Amino acid sequence: MPGSNVVIVESPAKAKTINKYLGDDYTVIASFGHVRDLPARDGSVRPDDDFAMDWELGDRSKRHIDDIAKAVKSATRIYLATDPDREGEAIAWHLSELLRDKHLSDDREVQRVTFNEITKSAVQTAMANPRAVSQELVDAYLARRALDYLVGFTLSPVLWRKLPGSRSAGRVQSVALRLVCERESEIEIFKPQEYWSIAVGFTTPGGVAFSAALTQLDGKKLDKFGLPTRAAAEAAVARIQPQLFAVSAVERKQSRRNPSPPFTTSTLQQEASRKLGFGATRTMRTAQKLYEGIDIGGETVGLITYMRTDGVSLSQEAIESARSVIGEQFGERYVPGQPRVYKTTAKNAQEAHEAIRPTDLNRRPDSLTGALESDELRLYELVWKRTLASQMESAVLDQVAVDIASPSKDVVLRATGSVVVFDGFLKVYQEDRDDSAEDDQQERRLPAMEQNDALARGDIAPEQHFTQPPPRYSEASLVKKLEELGIGRPSTYASILQVLQDREYVRIDKRRFFPEDRGRLVTAFLENFFHRYVEYNFTANLENQLDEISDGKINWKTVLREFWTPFDVAVNGTKDLTITQVLTTLDEELGSHFFPAPTEGGHDPRVCPVCHEGRLGLKLGKMGAFIGCARYPECRYTRPLAVANDESGALPEGPRELGPDPDSGLPVTVRRGPFGAYIQLGPAPAPADAAPAPVAVEEKPADGKKPKAKKKVKDEAPKPKRVSLPKGMAAGDVDLDTALRLLALPRVIGPHPETNEEISAGIGRFGPYLKHGSVYKSLTPDDDVLMIGINRAVDLLAGAAKKASAPAKTLGDHPKTGKPITMGSGRFGPYVKHGSVYASIPKATEPDSVTLEQALELIEAKIAKDAAKKGKAPKEAEPATADAGADETAAKKAPAKKAAVKKAPAKAAAKTAAKTTKAKAPAEAPAEAKAEKAPAARKKAS
């Protein structure tokens, strides 16, 4: 029997946990994330109508709202228990508005409850202290949502018209992209500076060896560039060699190191990236599971507090628990005299709850080994250690500096080191650093020495150095930079970074962000024509205004008016902007990147390699930007938008011949195709426009009858053998030997030790792979298809076999057919299955969190999609998705019309395209805006 009180939360996992803490008088039901949003079409926010906003239910929300309405009808009280952040407040407001529209709250009390952790005591305390929905927080949400929508739906069409091939432009996403692109520009223009250092080995009177660095010469203190050349270094060595040395001074001092505060959202993402190698999305998805609850010994328990926070404070209860655990586990000397109190220093701090901590510090990580998956256990251990360390005693270090001088003091060297006297918090945890240039002397220990001790000199080692460019951003350092600038907020960092990758504006290689050329073009366009809106201070100030709205200090519509009026003028100012003007600007801005200055004696990168007369420059086509010759159409040379001969494998001067194949004598070349660089054995087939071979004309028979058609016999040369270059192998680095080995693939690695069947390695449509019988396994980026051995191959295949043999999980029976619905994993990822219907589980959804209700929706959507393909779909196309522009979406949704469009006159096609752009909403920008407002973990729930 349903309870008289209905509690509405966001996710079914959270509902399951909370349901166990409340009695039979409560029914806990999930909204599955956001229930409604702005429709993905132009006009959903109307500035001319005092920023009126239209809302609509999400594709899957109607059923969930119907379930909530059904449960509410028999209830006396309704509790909105969504997450305790601004997004949670927004969802609570949407739910209350829907209940009001359905007249379900007319005679029922609707109240808001929040809890920072999902434990029995926290939930029960929250239920005893309800409040109303905060209108100030809702106003801040409305302002942010409207801003993101207006930027996306106004700026993205400008990009599509003026910069074909570009994707969306978002309010915060574009600023983050600018950071990545600017860092890349700094690296490109960086000129390394040479400098030298000199290390000298010494031995103490007691016979202990150590080394010291030259710091003073002829009474002058040497800075980093004190020895700029080899000649200067050699002169310094000559001065050192004849000298005798003794200890001139010994400095000792003691220092204390304090622990870092407990985790906020951004610091958790940073440390998980450094220590665990987790991306921001992976970190937040795992933290969401730990927060919502894990089944431990038959009881579902929330293991950490809410994971979207700027706060670094801990509750008094948590501090006392931490001090107790520290004393029991490490001894009282590790417990400081007074509890440590931390205050938020973030520029844009906005969340009022606690730092991220375990709900129970007595629950040690090793006690959860069998209950948690690997990612969950590692992240929980990180949170547990950081929280415990934050309340521990400081570490004490003895630092020693020894000056060593010649008798005349004209040559002075220094040796430094430090010794940990008391480890304190270091016994549990030490924070990692990003890109630190400081030498870590902590583990370096110096022998005992006293002033005037004579030292025996050993080897003199001069070493050449060059200054290094600033490092590319990692996920950790980019999140840190955004936080320092006051851009974004805790719940948006993961989604911002993911959107940049999804739009193919950046790529991650070796855990560092590299801007793609498409991203650099978009950034250059926005900086030149919309500079104000990608300024760091402008974006940060806008965030501050949103904070003031949530504090009730400023009206939200005032902020929107102040933003919209000049923004609308800036957009209208680009209407007369021509493609030629855009190209000229971008060519000047990015010319040094795409056409780097030639080395001495090298050819001019701007000269066309085909006609040797035309100038190469940026061009725009319907598929995006490319590089082409200015003498078009006389010269039709083009190449993809890439730096000539860069690591991506671009080959601007056509095929590069490596030499003849020793067996066949055919030429082996490296070539460029639409899908990247590849190796070819033999010459290319005749071009399509070559003169056709003469055909004998058959005379008409005397009887006038048409002769029987003869079967055409193809007389074409066989296609040459080709093989794609593995990812990471630059086209410019390939030699003849490597090319022949690639052409010889697949290669036999050896027999499997269990089945005795051979294991082979090759390159297929999806990249390098292993094959054993009928089992295929893709190689990882770290595996070399030409070098992988039998042991590594067996390990990879064992993982593939284990995955393939994993039994399907039964979610329940279909309510109509009674047949089971199962969940499994196949070649294309996780799926749910009912009968002969397979429906893929979305990437943003964690497979283990899929419920029977979600599976039913996925299956119904798949059935409807299949029916649409068979001609049973409604005439109107589906709404545009977040993966492409409106014109791209239309093309993908209606492949049958493709040929007809090609036959249409150019003018008509242009007119049709213009209508499409005007009629359809810019699908990508709002999706990016949605991503900024709702983290990946919350999307999973919906």
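Placed above this text is the structure.
Residues numbered from 1 in each chain as written. Predicted model: local features only at pLDDT ≥ 70, side-chain atom pairs only at ≥ 80, totals over all residues. Heavy atoms only, no water.

### Section: the overall build of the protein chain
Put simply, the test is: A helix here means a DSSP run of H or I that spans at least four residues, while a strand means a run of E at least two residues long, and both kinds are numbered starting from the N terminus. A 1.4 Å probe rolled over the protein chains alone gives each residue an accessible area, and that area as a share of the maximum for its type sets the label: buried under 20%, exposed over 50%, partly exposed in between. Contacts were defined at the residue level, with two residues in contact if any of their heavy atoms lie within 4.5 Å. Here the open area of atoms and residues is found with the Shrake-Rupley method and a 1.4 Å probe, where only the protein chains shown may cover a residue.
From N to C terminus, the protein chain includes 25 helices and 34 strands. Evaluated residue by residue, the protein chain yields a buried proportion of 47% over its 942 residues. In the protein chain, 69% of the contacts between residues at least 6 apart in sequence involve partners at least 24 apart. When the accessible area of the protein chain is evaluated, it comes to approximately 48,800 Å², of which 50% is carbon and sulfur surface.

### Remarks on the nonpolar core
What counts, and what does not: By convention a nonpolar core is built from buried Ala, Val, Leu, Ile, Met, Phe, Trp, Tyr and Cys residues, the set being connected through side-chain atoms within 4.5 Å.
Grouped together as the largest cluster of nonpolar side chains are 142 residues, with contacts concentrated most on Phe115, Leu163, Ile304 and Phe525. Per element, the largest residue contribution to this core is 15 residues, and it comes from helix α5 (residues 135-162). Sequence-distant contacts of leucine 163, that is, excluding residues within four places in its chain, are made with Val158, Leu521, Val522, Phe525, Val582, Leu586 and Leu620.

### Thoughts on the sheet that holds strand β1 (residues 5-9)
In plain terms, the rule: Strands pair, by our definition, only if DSSP identifies at least two bridges between them. Here an angle of 0 to 180 degrees is reported between the N-to-C directions of two axes, which are lines fitted to C-alpha atoms, with helices fitted over the stretch in contact.
If you walk across this open sheet you meet the four strands as β2-β1-β7-β8, and the pairing is parallel. Each end of this open sheet is capped by a strand with a single partner; those strands are β2 (26-30) and β8 (109-112). Taken over all neighbouring pairs, the strand axes of this sheet differ in orientation by 20 degrees on average, direction set aside. The sheet contact formed by β1 and β2 spans five bridges and is parallel. Looking at the pairing, valine 6 lines up with threonine 27 of β2. Lying on the sheet, helix α2 (residues 61-72) is in contact with β1, β2 and β7 (77-80); it crosses β2 at an angle near 170 degrees. Each of β1, β7 and β8 is contacted by helix α3 (residues 86-101), which is oriented at about 150 degrees to β7, the strand it contacts most.

### Examining the sheet that holds strand β29 (residues 767-772)
Read from one edge of the open sheet, four strands run β27-β28-β29-β30, paired in antiparallel fashion. The open sheet has two free edges, formed respectively by β27 (747-751) and β30 (775-778), since each of these has just one partner strand. Averaged over all adjacent pairs, the angle separating strand axes in this sheet is 25 degrees, with direction ignored. The sheet contact formed by β29 and β30 spans four bridges and is antiparallel.

### Quick look at the side chain of glutamate 376
Heads up, the rule is: Side-chain atoms alone can form a polar contact between residues adjacent in sequence; in general such a contact is a pair of N or O atoms within 3.5 Å, and within protein one must be able to donate a hydrogen while the other accepts it.
Along the polypeptide, glutamate 376 turns up in helix α11 (residues 374-390). Judged by relative accessible area, glutamate 376 falls into the buried class, the value being 6%. Separated by 3.1 Å, the side chain of glutamate 376 and the backbone nitrogen of glutamate 373 make a polar contact. Leaving out residues up to four positions away in the same chain, glutamate 376 has contacts with Thr286, Lys289, Leu290 and Ile294.

### Points about the packing of helix α8 (residues 265-276) against helix α12 (residues 475-485)
Applied cut-off: For this classification, under 35 degrees means roughly parallel, over 145 means roughly antiparallel, 65 to 115 means roughly perpendicular, and everything else is oblique. With the far helix as reference, a near helix turned anticlockwise by less than a right angle produces a left-handed crossing, and one turned clockwise produces a right-handed crossing. By the convention adopted, Pro, Cys, Tyr, Trp, Phe, Met, Ile, Leu, Val and Ala count as nonpolar, Lys, Arg, Asp and Glu as charged, and the other residues, Gly among them, as polar.
It is at 8 Å that the axes of α8 and α12 come closest, and there the two elements cross at 160 degrees. Here α12 runs roughly antiparallel to α8, going by the angle between their axes. Relative to α12, α8 is oriented so that their crossing is left-handed. Touching Ser266, Gln269, Gln270, Ser273 and Arg274 of α8 are Glu475, Ala476, Val479, Lys480 and Glu483, all from α12. Across the contact of α8 with α12, the residue classes tally to two nonpolar, four polar and four charged.

### Some thoughts on the packing of aromatic side chains
In plain terms, the rule: Working definition: a ring pair exists when centres of Phe, Tyr or Trp rings (six-membered ring for Trp) sit within 6.5 Å. Plane angles under 30 degrees give stacked, over 60 give edge-to-face, the rest tilted. Lysine NZ or arginine CZ positioned within 6 Å of the ring centre and within 35 degrees of the ring normal marks a charge as sitting over the ring.
Within this structure, the stated rule accounts for 20 aromatic pairs. Ring centres of phenylalanine 525 and phenylalanine 529 lie 5.0 Å apart, and the angle between their planes is 50 degrees; on these two criteria the pair is classed as tilted. Residue phenylalanine 525 and its partner phenylalanine 529 are both found in helix α14 (residues 517-529); the two are separated by four residues, about one turn of the helix. Residue phenylalanine 525 is classed as buried on the basis of its relative accessible area of 0%. Centre to centre, the rings of tyrosine 769 and tyrosine 776 are 5.7 Å apart; their planes meet at 50 degrees, and the pair counts as tilted. The exposure class of tyrosine 769 is buried, given its relative accessible area of 19%. On the accessibility criterion, tyrosine 776 (51% relative accessible area) is exposed. Chaining the aromatic ring pairs together yields one cluster made of Tyr533, Phe538, Phe563, Trp564 and Phe567. A cation over a ring is seen here: arginine 36 above tryptophan 93, with NZ or CZ 5.6 Å from the ring centre.

### Let's talk about helix α15 (residues 536-550)
Applicable threshold: Multiply 1.5 Å by the residue count of a helix minus one, and that product is the helix's expected span.
Between its first and last C-alpha, α15 extends 22 Å over 15 residues, near the 21 Å set by a 1.5 Å rise per residue. The set of residues buried in α15 consists of Tyr536, Phe538, Thr539, Ala540, Leu542, Glu543, Leu546, Asp547, Ile549 and Ser550. The elements touched by buried residues of α15 are α3, α5, α6 (173-189), α12 and α16 (556-572).

### So, unusual backbone geometry
For the peptide bond that leads from tyrosine 632 to proline 633, omega is 10 degrees, which places it in the cis range. Along the chain, proline 633 falls in the loop between β21 (624-629) and β22 (638-639). For the bond running from leucine 745 to proline 746, omega is 0 degrees, close enough to zero to count as cis. Mapped onto the elements, proline 746 comes out in the loop between α18 (736-743) and β27. At phenylalanine 32, a position not held by glycine, the phi torsion is positive, near 60 degrees. Along the chain, phenylalanine 32 falls in the loop between β2 and β3 (36-37). Accessibility expressed as a relative area gives 9% for phenylalanine 32, which makes it buried.

### Quick look at the state of the cysteines
To keep it simple, the criterion reads: Sulfur atoms of two cysteines make up a disulfide when they are within 2.5 Å.
Taken as a whole and judged by the stated rule, the model has zero disulfides. With no disulfide of its own, cysteine 629 has cysteine 611 as its nearest cysteine by sulfur position, at a separation of 3.8 Å. In this structure cysteine 635 is a free cysteine whose sulfur lies 3.6 Å from that of cysteine 608, the closest cysteine sulfur available.

### Remarks on the pattern of salt bridges
For the record, the criterion: For this document, the term salt bridge refers to a Lys or Arg side-chain nitrogen within 4 Å of an Asp or Glu carboxyl oxygen.
Under the criterion given, the structure shown has 45 salt bridges. One salt bridge connects arginine 507 with glutamate 516, and the closest N-O pair in it is separated by 3.7 Å. With relative accessibility at 26%, the residue glutamate 516 sits in the partly exposed group. Here the salt bridges share partners, and the residues they tie into one network are Arg144, Asp148, Arg171 and Glu543.

### Quick notes on the pairing of β1
The element β1 is extensively covered by neighbouring structure, given that five of its five residues are classed as buried. Burial along β1 is two-sided: the face carrying Asn5, Val7 and Val9 and the face carrying Val6 and Ile8 are both buried. Pairing geometry for β1 and β7, over four bridges, is parallel. Paired with valine 7 across the two strands is tyrosine 79, which belongs to β7.

### Some details on the environment of tyrosine 776
Summarising the element assignment, tyrosine 776 is placed in strand β30. Sequence spacing of tyrosine 776 and leucine 797 is 21 residues, and the spatial spacing of their C-alpha atoms is 7.9 Å. Those residues in contact with tyrosine 776 that sit more than four places away from it in its chain are Tyr769, Leu770 and Lys771.

### Description of the environment of glutamine 243
Its place among the elements puts glutamine 243 in the loop between α7 (230-240) and β12 (245-257). Look at glutamine 243 and you get buried, because its relative accessible area is 19%. Considered as a pair, glutamine 243 and serine 408 are 165 residues apart in the sequence and their alpha carbons are 9.4 Å apart.

### Brief notes about the pairing of strand β28 (residues 758-764)
Here β28 lies mainly inside the structure; five of its seven residues are buried. Here β27 pairs with β28 via four bridges, running antiparallel. The residue bridging proline 751 from the neighbouring strand is glutamate 758, located in β28. From the end of β27 to the start of β28, which pair antiparallel, there are six residues, and asparagine 756 there has a positive phi angle of about 70 degrees. Sheet topology places β28 next to β29; six bridges connect them, and they run antiparallel.

Read these as spatial facts, not as claims about activity.
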